[in-house]
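What follows is the residue order along each chain.
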Amino acid sequence: MKSRPARAWALGLLAVLLWAPLAHAHVQQGQAAGFFTGLGHPVSGLDHVLAMIAVGLWGAQLGAPAVWLLPVTFPMVMALGGMVGLLGVPLPGVEVGIATSAILLGLAVMSALRPPLAVAVALVGLFGIFHGHAHGTELPAGQSALLYSMGFVMATGCLHGVGIAVGLIHRWPWGQTVLRAAGAVVTLAGVFFMWRAVA
Amino acid sequence: MSAPTMRLPHRMAAVAGAVALAVCPSRAEAHLVTTGLGPLYDGLLHFVLAPEDLVTVLALALLVGLRGVSHGRRALFVLPAAWLLGGVIGLAGHGGVSLIWTALSFVLLGGLVASDARLPLGATTLLAALLGLGHGYLNGAALARPGPGAVGLLGIVAAVFTLVALAASFVVPLRAVWARVVVRVAGSWIAAIGLLLIGWAIRSGA
């Protein structure tokens, strides 16, 4: 494909996306708000953002198959946690768990930790429960459940994608140093979240 | 459904287009949407604007695409036929969009895609038939109220056929590991959406 047709495709898709909000002109209200609210929810909290990007970074460091297994695992387990939160089932220490996830994931990236795959998946899955539960209990009433959930999951997946994309610099020596530094930043942020959670 | 010679940017653009359509924030019960072009196109638009149907069909197409040509060909005809049959039954019945049915469809299909489940041909055929009957019934029941009616159902079935053909023929020739992983990640997203929907459905009593 030449670059011009590719641009035409991109412009066409952009037009579709921009056209979509015009579909508000139906009887029920709040559908589009549901999708975009869901899309914005995972990026509304820095603790969630850093942890999800760290999952992608760690996956990129670990390489295949972790690079795709972790991002496949996290959204599903997180959604399971979200479902539990939606049902009102309490989970003690959610904020502490989220802060711990940032600390440990940051440490894993900083030290380029390479545990067995099952351990990495279990760790990420455990953290996913806490993040999902927090999101589930925060989900606003009166939204379109389906569109909200679609936006929510897509945003989460895209955050992992960002982490993986950035983590691809791991192939270069300077990139490995930068990734370790990024892990340190996530860890420090996690310590701050922990202080905020227990203070 | 032989391997097309579509090059990578075309494929990525096609996937992006499908995603864009799937996330169009529009009315789920599109029997209220009129195109001005007649009930056939109203039905077609109903499908395009109803993510509970669109994503389900897309997930099934991804699943049969991962399994290969024979699965794709079978689903290409079984799903629309079952959808039509369920729709005809539904035209005489009652119902509407069912959140829990949508949620279970998403979890089942998304989970199977994410795990790249090695289902036999009979299992994917049965899956296509059951999904077609269920979603078709709900469509038919919705269309029975003032709306496009039976002709609209034909539009929906045509759209189902087209989406299965396009999506499955896109996935069938994928051989690169990363490309199949992308499909599986899409499946995990669909399953995750379904899990959240189960929570929503139980909480709201839908």
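Residues numbered from 1 in each chain as written. Chains lettered and ligands numbered in written order. Predicted model: local features only at pLDDT ≥ 70, side-chain atom pairs only at ≥ 80, totals over all residues.

J.: Would you mind going over the overall build of chain A with me for this structure?
T.: A tally of regular secondary structure across chain A gives 8 helices and 0 strands. Across the 199 residues in chain A, those meeting the buried criterion constitute 48%. (Helix = DSSP H or I, 4+ residues; strand = E, 2+ residues; numbered from the N terminus. Buried ≥ 20, exposed ≤ 12 C-beta atoms within 10 Å, placed from the backbone.)

J.: Any chance you could explain the overall build of chain B here in plain terms?
T.: A count of helical and extended segments in chain B gives 8 helices and 0 strands. Shown N-terminal to C-terminal, the secondary structure of chain B runs as helices and strands in the order α-α-α-α-α-α-α-α. Sorting the 206 residues of chain B into buried and exposed places 56% on the buried side.

J.: Would you mind showing me how to read helix α6 (residues 117-138) of chain A here?
T.: Every α-helix winds through 3.6 residues per turn, so residues three or four apart in the chain are directed the same way. Over its 22 residues, α6(A) runs 32 Å from end to end, which matches the ideal 32 Å to within 8%, given 1.5 Å per residue. Within α6(A) the residues assigned to the buried category are A:A120, A:V124, A:F127, A:G128, A:I129, A:F130, A:H131, A:G132, A:H133, A:A134, A:H135 and A:G136. Residues of α6(A) that are buried in the fold lie against α3 (46-62), α4 (66-86), α5 (94-110) and α7 (145-167) of chain A together with α8 (177-204) of chain B. (Expected span 1.5 Å × (residues − 1). Contact = placed C-beta atoms within 7 Å.)

J.: How do you make sense of the environment of A:W195 when you look at a structure like this?
T.: Residue and element names in this part refer to chain A. Here W195 shows up in helix α8 (residues 173-198). Note on W195: 10 C-beta atoms within 10 Å, which makes it exposed. A C-alpha to C-alpha distance of 8.7 Å links W195 and A99, two positions 96 residues apart in sequence.

J.: I tried to follow the nonpolar core on my own but got confused; where do I start?
T.: Soluble, globular proteins show a tendency: their nonpolar side chains are buried together. Counting 125 residues, the largest nonpolar core has A:A54, A:A102, B:L60, B:L62 and B:V113 as its most contacted members. Ignoring anything within four residues of it in the chain, the contact list for A:A54 reads A:A102, A:L105, A:G106, A:V109, A:G163 and A:V186. (Core = buried A, V, L, I, M, F, W, Y, C linked by C-beta atoms within 7 Å.)

J.: What is the right way to look at the confidence of the model for chain B in this model?
T.: Should the pLDDT be low somewhere, the predicted coordinates at that spot are not to be read in detail. Residue and element names in this part refer to chain B. In this model, chain B carries a mean pLDDT of 80, and residues with pLDDT of at least 70 account for 79%. Mean pLDDT values over the elements of chain B span from 53, in helix α1 (residues 8-22), up to 91, in helix α3 (residues 51-67). Counting interchain partners and residues more than four positions distant, the pLDDT-below-50 stretch residues 1-6 has 11 contacts. Low pLDDT, under 50, characterises residues 21-31; the stretch is placed with 49 contacts to residues that sit more than four places away or in other chains. (pLDDT = per-residue confidence, 0-100.)

J.: Any chance you could explain helix α6 (residues 121-144) of chain B here in plain terms?
T.: A rise of 1.5 Å per residue sets the reference length of α6(B), with its 24 residues, at 34 Å; its end C-alpha atoms lie 34 Å apart and thus fit the reference within 8%. Taken across its 24 residues, α6(B) has 17 buried, putting it largely inside the fold.

J.: Explanation requested: the confidence of the model for chain A in the structure shown.
T.: Residues and elements named next belong to chain A. In this model, chain A carries a mean pLDDT of 80, and residues with pLDDT of at least 70 account for 82%. Mean pLDDT across the elements of chain A ranges from a minimum in helix α1 (residues 3-19), with 60, to a maximum in α5, with 91. Below a pLDDT of 50 lies the segment residues 17-31, which in the model reaches 25 contacts outside its immediate sequence neighbourhood of four places, other chains included.

J.: Would you explain unusual backbone geometry in this entry?
T.: Most peptide bonds adopt trans geometry, and most residues besides glycine take a negative phi value. Unlike most non-glycine residues, A:A112 shows phi in positive territory, near 50 degrees. Here A:A112 is to be found in the loop between α5 and α6. On the basis of neighbour count, A:A112 is assigned to the partly exposed category, with 14 C-beta atoms found within 10 Å. You will see that B:D116, though not glycine, has its phi angle at about 50 degrees, which is positive. Among the structural elements, B:D116 can be located in the loop between α5 (99-114) and α6. On the basis of neighbour counts, which here come to 15 C-beta atoms within 10 Å, the residue B:D116 falls in the partly exposed class.

J.: For this particular structure, what's the right way to read the packing of α3(A) against α8(A)?
T.: Between two packed helices, both the angle of their axes relative to each other and the distance between the axes serve to describe the pair. All names here are of chain A. The N-to-C vectors of α3 and α8 enclose an angle of 150 degrees; their axes lie 10 Å apart at closest approach. Overall, the two elements α3 and α8 adopt an arrangement that is roughly antiparallel. When the axes of α3 and α8 are compared, the crossing they make is left-handed. In contact with L46, D47, L50, A54, L57 and Q61 of α3, α8 contributes L179, A182, V186, A189 and F193. Its residues assigned to classes, the contact of α3 with α8 shows 9 nonpolar, 1 polar and 1 charged. (Axes fitted to C-alpha atoms, helices over the stretch in contact; angles between N-to-C directions. Parallel < 35°, antiparallel > 145°, perpendicular 65-115°, else oblique. Left-handed = near helix turned anticlockwise from the far one by under 90°. Nonpolar A, V, L, I, M, F, W, Y, C, P; charged D, E, K, R; others polar.)

J.: Please clarify how the environment of A:P71 should be interpreted in this entry.
T.: Position of A:P71 among the secondary structure elements: in helix α4. Judged by the 25 C-beta atoms lying within 10 Å of it, A:P71 falls in the buried class. Along the backbone, A:P71 and A:R114 are 43 residues apart, and their C-alpha atoms lie at a distance of 17 Å. When near neighbours in sequence (up to four residues on either side) are disregarded, A:P71 contacts A:V55, A:G56, A:G59, A:G157, A:H160, A:I164 and B:V185.

J.: Whenever I open this one, the packing of α3(B) against helix α7 (residues 149-171) of chain B confuses me. Can you help?
T.: All names here are of chain B. Relative orientation of the contacting elements α3 and α7 amounts to 40 degrees, with a least axis distance of 8 Å. Pair α3 / α7 crosses with right-handed handedness. Contact residues: V57, L58, A61, L62, V64, G65 and L66 in α3; V160, L163, V164, A167, A168, F170 and V171 in α7. Taken together, the residues of the contact of α3 with α7 sort by class into 13 nonpolar, 1 polar and no charged.

J.: Can you help me understand the environment of A:G151 in this one?
T.: Residue and element names in this part refer to chain A. Relative to the helices and strands, G151 is located in helix α7. The buried category is assigned to G151, around which 26 C-beta atoms lie within 10 Å. Linking G151 and A64, residues 87 residues apart in sequence, is a C-alpha distance of 27 Å. Apart from residues lying up to four places away in sequence, G151 is in contact with F35, F36, T37, G38 and L39.

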